[in-house]
Structures are given as C-alpha cells and as structure tokens.
Amino acid sequence: MKRRFRFFPKASIGTYLIAMAVATALPIFALVALLLAQLEDNQRSILKRETAQDATALARSIDRQLQDMATTLRLLSSSPELESNDFGSFHARTETALRADNLYVIAVDETGQQLLNTRRDFGEPLGKAGNLPSVEAAIKSGRIEASDVFMGRTSGEFVYNVTMPLKVGSVRALIITQNARDLAKLVTTEGLPNDWSAAVIDQSGHVVASAGATNIAFGQPFNPSILPSLVNSNGVYEDKQIMPKAMLGYAQIPGWSWKAVIWGPVATAQSSILTTWRFLVIGGVALMLLAILAAYVVARQVRLTIRSIADMANRMGEGHIVAPVETSVIEANQVAVALSNASFDRSQTEDRLHFVMNELVHRTKNLLALVQAMMRQVAKGADSVPAYQAAVADRLDGLSRSIDLLTSEQWAGASLRRVIDIHFKSFPQTTEQVEISGKDFTLKPDAVQNLGLVLHELATNSVKYGALSVPHGRVRLSWREAQDEARKEPLVLFTWEERDGPATRPPEGSGFGTTIIKNHAAAAFSGTVEIEFRPEGLYWTLTAPRRSFERA
C-alpha cells in the first residue's frame, strides 16, 4: 500500500483540494482553447464562403439591371420610327416610357454624332456621344457592351452606358444611359457584417457605385494593388500587407466587363469569437483563483468532520438507516441529512427521473418529427441547394423563436400577443404596416409552436410576395370568439387580411408554405382554414375550438 502511493507526498486536505482544482481546471481550459481555435478556423472558412457568395449575389443583382437595359435596347431597335428616321416620334415615345426608371436613350451615327438624346429636348443641337471609345468598341465588336463610368456632359454627373450596335437608317448604335447614383441603389451592405463595404468596378478599375463603411466616390479608382489578383470568375482575396486583418470577396458579372466586390475587417465578422476568447482568459483566471480559495476554505472546514461523514456513509452503504451526525460545518450537516433521507427519497427520485426522461423524449420526438416533415416538404419545392438551405434556415428560425419563448416560460405556454410579437420581430421593417387586434389569452405549448409556425409562414410569404413587400401595403391580423350551431363549443376565428399589395393569384403547386398555412393549421387545431386570393391581397381565416389554443 505504501509503494502504491509513494509518488504522493503526505499533505493536508487543503493542499490536495487546491492541487485538484488546478489539475481539473487546466485541462478544461486547454480543451476549450483548442476547441475555440478550431471554431475560429471553421468560422474563417465559413466567412470566406459567405463573402464569395455575397459578392456573387451582388453581381447577379447588377447583371439583372444590365440585362434589363440590354432588353430595352433590343425592343427599341425594332421601332419603325428608326427605320424611317422619324427621330422626333421616337424621342417622344421613348422619353415618356423610360422617364420613371431614370433611363435615357441616345442614338448615334457611324461617327459617334448624336442623332437624338432623351435627356435633351428634341431639336436641340447635340455633339458627339460621351465616352466615344466605348461606343466605337461596341460597334467594332458587334456585341452589347457596358461602358466604364464617366462624367456625363449633359447630366453633369457620373454615368455609364450600355451600347448596342445597330444598322437601321442612319443609326449605327443605340445607347441607354443611367446615372451611377441610380445604380448605387442596388449596391447595399444589408446582410453584411458591420463596417463592411460593397462596390461595383468597371473594366478600367474605377468605382461605378459603392456603399458601406468605405464609401468610395463615383469614378474613383479602386485599389490598383488588388485588381490584378481578381482574375477568377469569383473568389476571395486576402493579403496581410495590402489588406491587414481584412478580407475581400469578388465576382465577375457574367457577360459584362464589370466586377462586384465586398470587403471589410475580419474581426467585425468574428466579433463573437474574440469576445469568447477574452471571456475565456479573464473568466478562466478568475475561476482558477476562486477555485483555489474555495478549496482552501472548504479544506479547513471539513478536516474535522470528514471521518464522521465517512463512517455514516459506510453504515448507510451496509443497508442501515442512519441518523444525521451533527458537525461544525453546515455543508457537512446538509450532506449528513441528505444521506439520511436518501434511502427514503430514492424511489421518489427514480420515479421523477423516469417522468422527466419520458417528457424529454416525447418533446424531442415531436420537435424532430416537425423538423423532419418541414425539411422533406421544403426539399420538394427547392430548385437548388442554396434555396433549400435558405428556406430551411428561415423556417428553423421561426420555430426557434417559439421554442425560446416556451423555454423562458418553463414550457407552461405563453400569451398570444407575445407569440405574435416575437415572430414579427423577424420583420422589423413591417412594424407600421401591421394592425393587430383581439383579446389576449394564454396559449398551450403545442399551440405556441404550431401557431408560431403558421404566423411566421404568413408573414414570410407577405414580405416576399404580398402586401408587406411594398411600403404602402397593409396587413390586419385579428381574432375573435365565434359560434357554430354544428359544434357545441366555443370557437376562435383568426383572420389574416392583406390589402393595398400586389395582386395575388393561386399558386400553381402546393409548396411547404401552403401546407403550413392550410393543412398543418387545420390539422394542428382541429379546425377549418379558408384561403382567398383576392385582387387586393391574401385573405386567410382559421376557425378552430378554443380548447385547441387556450391553456387549461
């Protein structure tokens, strides 16, 4: 026995408790630090991927604008007024049609001389087209091309052109031009981390439009040290000397000579990791000192009573019912009382443990079944992995809000107004557009999840396609008591009514959203759902027994 413990010197219990506290804490801190380092690497990889995706999304948005302008040019090129050189009629019709979109059309001959310009009244003297080299390049290539950004002589602002070669009458090219300031409305940093920026760069490396913390003026050159490295169709650029502690994502706008870029400090995007590191260091040192102090104090108090407690435990282990010993340490006395009561409480504790485990299994199964059904239904309508990921993430976010609310209420249910408010927090821009009315009451836990899922789906659909997708749209959410002679019990009538939004029409197929607001809502509350796609907006009602909602 002595040989077995020869590496452990004789010492007081205080010394061993302090050593145990240190020996326990250090490996834990080391493991947490290792996990955080791994998490930081993973977060950086995720940040790279998301940065490239955000740049690609911006490129697609700009590409849609340029493609729309190119389509407009193709339509205008077939105008009979051009073939007959009736520039006055062409000017009047085109200027009126494009005025609302802040787009202007220029027609030039083979020398670049302007034949008409809808920025100017027809008949005014016109010179040659601005940025003439881009016009000549488009005519030479025979393709529709976007120019570099330049200062327009007529507008007095930075503009860009989309030029289409054409041989109709005396016209050799049609140009559609727009102020760079109008294009800047499409360049947004919404969804990006704080202090990040976004920009569109033309072929010569000048900024067409930008937004964010580093707001570069129109026509200013982008960092020439970076541009030569942006050679792929999309990707991420990092350089510790040129962009220390920062990251840049870029994407070539397909079919055009422009690029979309987003950039910003990595620390901002990973602020949660840095906060966790600081918390680990400060908290770890503080906890270590506290553990050492606590171990020393406890050791002093338990030294004289540990043998009595050990003897009591031995007799209890032999099957005896023991009375608690009285010591000078309150904690030790509590342990003694707990040991004395343990034989009587064991059965009750085991029953309670089984109940808790069964309840946990039941709730977990229900939640997993709901998530599984949701993912399966979303997968049927998703046409791409990103779309599927976005749809699932959106529904899980709505479900997690209901679960957070129930957790804060100890799964005892929640008020109807709180359920509505917590789901509309996902859409803060719609606060002034939604009218809510009805007498509040407390929902059951199942009703909180199911109704929250339905409300989140209704709001999401409205933000994407319905009344909440436009500033002047309105939604009225109300509920009231209802009666039905066929059903001899109190009912609740929920109404979701949209107005002043885009015209609605029934969907071509039944997707996850339709399943949730119709089939799931009716089944979950044993009620009936009516949906009308009115010209002024969606009209949805749910009539169900009050017992399906209200907590007893």
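Quantities reported herein were computed from a predicted structural model and do not represent experimental measurements.

What exactly am I supposed to notice about the overall build of the chain here?
Along its length, the chain carries 13 helices and 18 strands. Among the 552 residues that make up the chain, the fraction classed as buried is 39%. For the chain, the proportion of contacts with a sequence separation of at least 24, taken over those separated by at least 6, is 59%. Just so you have it, the chain exposes about 31,200 Å², and 55% of that area is on carbon and sulfur atoms.

Please explain the pattern of salt bridges as it appears in this structure.
Side chains that carry opposite charge are capable of pairing whenever their charged atoms lie near each other. Summed over the entire model, instances satisfying the criterion amount to 12 salt bridges. A salt bridge links glutamate 95 to arginine 99, with the shortest nitrogen-to-oxygen separation between them at 2.9 Å. Exposure remark for glutamate 95: the relative accessible area of 24% places this residue in the partly exposed category. Notably, a salt bridge pairs glutamate 550 with arginine 546, separated by 2.7 Å at the nearest N-O pair. Connected through shared salt-bridge partners, Arg44, Lys48 and Glu238 make up one network.

Explain the sheet that holds strand S8 (residues 207-212) here, please?
In sheet architecture, strand pairing relies on hydrogen bonds along the backbone and comes in two forms, parallel and antiparallel. In space, the five strands of this open sheet follow the order S8-S7-S11-S10-S9, with antiparallel pairing throughout. In this open sheet, the two strands that pair with only one neighbour each are S8 and strand S9 (234-237). Each strand axis lies, on average, 15° off the axis of its neighbour in the sheet, ignoring direction. With five bridges connecting them, strand S7 (residues 197-201) and strand S11 (residues 259-265) associate as antiparallel partners. Bridge pairing in S11 links serine 197 to tryptophan 263.

Help me out: how do you make sense of a nonpolar patch on the surface in this one?
A surface patch of nonpolar side chains, about 320 Å² in accessible area, is lined by Leu31, Leu34 and Leu35. Tracing the chain through its elements places leucine 35 in helix H1 (residues 13-77). Accessibility expressed as a relative area gives 53% for leucine 35, which makes it exposed.

Can you walk me through the sheet that holds strand S15 (residues 474-484) in this structure?
As summarised here, the arrangement of the five strands in space is S13-S15-S16-S18-S17, forming an open sheet in which the pairing is mixed. Both edges of this open sheet fall to strand S13 (434-437) and strand S17 (528-534), since each of them pairs with a single strand only. Going from strand to strand, the sheet's axes swing by 15° on average, the running direction of each strand aside. In this structure, S15 lies alongside strand S16 (residues 487-499), joined through 10 bridges in antiparallel fashion. By the bridge assignment for S16, serine 478 is matched with threonine 495. Against the sheet, helix H11 (residues 416-424) makes contact with S13, S15 and S16, and its axis sits at roughly 155° relative to S15, the strand it touches most. Of the strands in this sheet, S15, S16 and strand S18 (537-545) are in contact with helix H12 (residues 445-464), which crosses S16 at around 20°.

How do you make sense of the packing of aromatic side chains when you look at a structure like this?
Two measures describe an aromatic ring pair: the distance that separates the ring centres and the angle between the ring planes. Applying the stated criterion to the full structure yields five aromatic pairs. Ring centres of phenylalanine 525 and phenylalanine 549 lie 4.4 Å apart, and the angle between their planes is 15°; this geometry places the pair in the stacked category. Of this pair, phenylalanine 525 sits in the loop between helix H13 (512-524) and S17 while phenylalanine 549 sits in the segment after S18, and the two are 24 residues apart along the sequence. This pair shows no difference in class: phenylalanine 525 is buried, exactly as phenylalanine 549 is. Three or more aromatic residues link up through ring pairs in this structure, and these residues are Trp479, Phe494, Phe525 and Phe549. For the cation-ring pair, arginine 534 lies above tyrosine 539, with the distance from its terminal atom to the ring centre recorded as 3.7 Å. A cation sits over an aromatic face here: arginine 546 above phenylalanine 441, 4.4 Å from the ring centre.

When you look at the side chain of threonine 495 in this model, what are you seeing that I'm missing?
As for its placement among the helices and strands, threonine 495 is situated in strand S16. Overall, threonine 495 belongs to the buried group, its relative accessible area being 10%.

I keep staring at the confidence of the model for the chain and nothing clicks. Help me out?
When pLDDT is averaged across the chain, the result is 80; 77% of the residues are at 70 or more. At the level of individual helices and strands, the chain shows its lowest average pLDDT in helix H9 (residues 330-381), which scores 59, and its highest in S7, which scores 94.

Just to check I follow, could you spell out H12 for this structure?
Structurally, the α-helix is built with 3.6 residues per turn, so residues lying three or four positions apart point the same way. With 20 residues, H12 should reach 28 Å at 1.5 Å per residue; the first-to-last C-alpha distance of 29 Å fits that figure. Among the 20 residues of H12, 15 are classified as buried, and the element is accordingly described as predominantly covered.

Explain the packing of H11 against H12 here, please?
The relative placement of two packed helices comes down to the angle between their axes together with the axis-to-axis distance. Following both chains from N to C, one finds H11 and H12 inclined at 40°, their axes separated by 10 Å at the closest point. Classified by the angle their axes make, H11 and H12 are oblique. Pair H11 / H12 crosses with right-handed handedness. Listed contacts from H12 to Leu416, Val419, Ile420, His423 and Phe424 of H11 are Val448, Leu451, Gly452, Leu455, His456 and Ala459. Broken down by class, the residue content of the contact of H11 with H12 amounts to eight nonpolar, three polar and no charged.

Whenever I open this one, the pairing of S8 confuses me. Can you help?
Side-chain positions along a regular strand alternate between the two faces of the sheet. The buried fraction of S8 amounts to five of the six residues, a majority that puts the element mostly inside the structure. One ladder, built from five bridges, connects S7 with S8; its direction is antiparallel. Bridge assignment links alanine 199 to a residue of S8, and that residue is serine 210. Count of turn residues in the S7/S8 antiparallel hairpin: five residues, of which glycine 205 carries a positive phi of about 90°.

In this structure, what is going on with the environment of asparagine 234? I would like to understand it.
Looking at the secondary structure, you find asparagine 234 in strand S9. Sequence separation of asparagine 234 and threonine 56 is 178 residues, and the distance between their C-alpha atoms is 7.1 Å. Non-local contacts of asparagine 234, meaning those with residues more than four positions away in its chain, are made with Thr56, Tyr250 and Ala251.

Help me understand the nonpolar core in this model?
Considering soluble globular proteins, one finds that nonpolar side chains tend to be buried as a cluster. With 49 residues, the main nonpolar core has Ile62, Val162, Leu174 and Trp258 as its most contacted residues. Examining the composition of this core, we find that 10 residues originate from one element, H1, more than from any other. Every residue in contact with leucine 174, bar those within four places of it in the chain, is listed here: Leu73, Leu76, Ser77, Leu82, Phe90, Val105, Ile106, Ala107, Val162, Thr163, Met164 and Leu166. Counting residues in each nonpolar core, the second largest holds 35 residues, with Val475, Phe494, Trp496 and Phe549 among its members.

Cut-off values and rules
Residues numbered from 1 in each chain as written. Predicted model: local features only at pLDDT ≥ 70, side-chain atom pairs only at ≥ 80, totals over all residues. Heavy atoms only, no water. Helix = DSSP H or I, 4+ residues; strand = E, 2+ residues; numbered from the N terminus. Buried < 20%, exposed > 50% of the residue type's maximum accessible area, 1.4 Å probe, protein only. Contact = heavy atoms within 4.5 Å. Areas by Shrake-Rupley, 256 points an atom, 1.4 Å probe, with all protein chains shown as cover. Salt bridge = Lys/Arg side-chain N within 4 Å of Asp/Glu carboxyl O. Pairing = 2+ DSSP bridges. Axes fitted to C-alpha atoms, helices over the stretch in contact; angles between N-to-C directions. Patch = residues over 30% accessible without salt bridge, like charges linked within 9 Å, V, L, I, M, F, W, Y side chains within 5 Å. Phe/Tyr/Trp six-rings, centres within 6.5 Å; stacked < 30°, edge-to-face > 60°. Lys NZ or Arg CZ within 6 Å of the ring centre and 35° of its normal. pLDDT = per-residue confidence, 0-100. Expected span 1.5 Å × (residues − 1). Parallel < 35°, antiparallel > 145°, perpendicular 65-115°, else oblique. Left-handed = near helix turned anticlockwise from the far one by under 90°. Nonpolar A, V, L, I, M, F, W, Y, C, P; charged D, E, K, R; others polar. Core = buried A, V, L, I, M, F, W, Y, C linked by side-chain atoms within 4.5 Å.

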